[in-house]
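# Results of the structural survey
Next come the chains, spelled out residue by residue.
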Amino acid sequence: MEYGFQPMLLTGAATAKFPTTRYQGSKAKLVEWIWEQVQDLSFHTCLDAFGGTGVVAYRFKQAGKQVTYNDILRFNYQIGLALIENVRTRLMPQDVDEILRPKSGMDYPDFIQRTFHDIYFTAEENAWLDIVVTNIRALDDPYKRALAYFALFQAAIVKRPYNLFHRKNLYIRLAEVERSFGNKASWDRPFESWFCEFVEEINQAVFDNGEPNRALNADALTLSNEYDLVYIDPPYLSQRGVGVDYRDFYHFLEGLTMYNTWEQHLDLRSKHKRLRRQSNPWTDKNAIYQAFDALFQHYRDSILVVSYRSDGIPSPDELYNLLKRYKRRVHRETYGTYKYVLSTNHHSEEILFIAE
């Protein structure tokens, strides 16, 4: 069966293109500015310690660096596998057909249908998700699995109001009312159609830069500290003490990656069936200072590049002083006022600290 795309044979950074992303906090619009600030630094090996969407790690990969992508979230790790570690594997039309079609003799669970009825997607869409995630999990090639997960994540996000899983709000999609936000045509477009579009995007993003790049799924403090440069873009904690908990925003995607044990991690008291919350120093105003200090100490022998916002905790001056404990030369670059998707703060400046 044909799906309207042909696999691309891309071999280098010149033709590869980072796919579109709808994740909150993505540095996609800032990545070229970030690269301009660091391109003259002397480094070859680099770690993106809080990899997220992978856009910064991908830009370093395009520049010919030896890149290690890391993220503590499992769904982000799959993105790192697909975009950073993977150098040649793509999803062929026969792979897509294998993913999208129920297999004869396969026992398909109904966990999503049973658990998330009337929360995020329609009953028909939930049934489709149960089939597709089961087929993805059955793929032998880890890079093909990662590519398929990427397409599935993007398809799930684009069909969600606000592109998040932060509340039970399927009714927003289904109500026949005038809206000042969102795109009902996108929400109503079939999952399969979106999946195939994102397969094409991720296929076009695959390339080999000639370096042994890696993707990891760990706490940043547990990794090797033998990198020339470490890029740090941790979760943001506002001056009001409100943290951005990506696991909470995208818990449904995280659950897709641990489908067989998902039920064990659910917070059944929550209306939207989120994952049980975990302790996170990056969203705790009482723990975040120590978290930054421990991170800077761990990577003190590397060039430290820290993405930050002017209205965060710690304050930019406090963060500067923390960096000065371990680095002789620290300077900051300011992008100017920048508004993230869904942010209500129109006065936050994007700051890049470079500590050598």
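Refer to the preceding data block for the structure.
Source: prediction; values computed, not measured.

Below, the discussion takes up the nonpolar core. One recurring pattern in soluble globular proteins is that nonpolar side chains are buried together. Grouped together as the largest cluster of nonpolar side chains are 85 residues, with contacts concentrated most on Phe 195, Phe 252, Leu 253 and Trp 262. Apart from the residues lying within four places of it in its own chain, the contact partners of Phe 252 are Ile 112, Phe 116, Tyr 120, Phe 121, Leu 129, Phe 165 and Trp 262.

Burial along strand 1 (residues 45-48) is two-sided: the residues Thr 45 and Leu 47 and Cys 46 and Asp 48 are all buried. In this sheet, strand 2 (residues 66-70) lies alongside strand 1 in parallel orientation, the contact comprising four bridges. Paired with Asp 48 across the bridge in strand 2 is Tyr 69. Taking the sense of rotation as the criterion, the β-α-β connection linking strand 1, helix 2 (residues 55-62) and strand 2 turns out right-handed.

Bringing the pattern of salt bridges into the picture now. This structure, assessed with the given rule, holds 19 salt bridges. Note that Asp 97 and Arg 101 form a salt bridge whose closest N and O atoms lie 4.0 Å from each other. Judged by relative accessible area, Asp 97 falls into the partly exposed class, the value being 26%. Between Asp 317 and Arg 332 there is a salt bridge, with its nearest N and O atoms 3.2 Å apart. Here Asp 317 is found in helix 14 (residues 316-324), whereas its partner Arg 332 is found in strand 6 (residues 330-337), with 15 residues between them in sequence. Connected via shared salt-bridge partners are Lys 27, Asp 233 and Glu 350.

This next bit is on helix 13 (residues 288-298). Taken together, the buried positions of helix 13 are occupied by Ile 288, Ala 291, Phe 292, Asp 293, Ala 294, Leu 295 and Phe 296. Buried-residue contacts for helix 13 involve strand 4 (229-232), strand 5 (303-309) and helix 14.

So, how was this worked out
Residues numbered from 1 in each chain as written. Predicted model: local features only at pLDDT ≥ 70, side-chain atom pairs only at ≥ 80, totals over all residues. Heavy atoms only, no water. Core = buried A, V, L, I, M, F, W, Y, C linked by side-chain atoms within 4.5 Å. Buried < 20%, exposed > 50% of the residue type's maximum accessible area, 1.4 Å probe, protein only. Contact = heavy atoms within 4.5 Å. Helix = DSSP H or I, 4+ residues; strand = E, 2+ residues; numbered from the N terminus. Pairing = 2+ DSSP bridges. Right-handed = clockwise from strand over helix to strand, strands pointing away. Salt bridge = Lys/Arg side-chain N within 4 Å of Asp/Glu carboxyl O.

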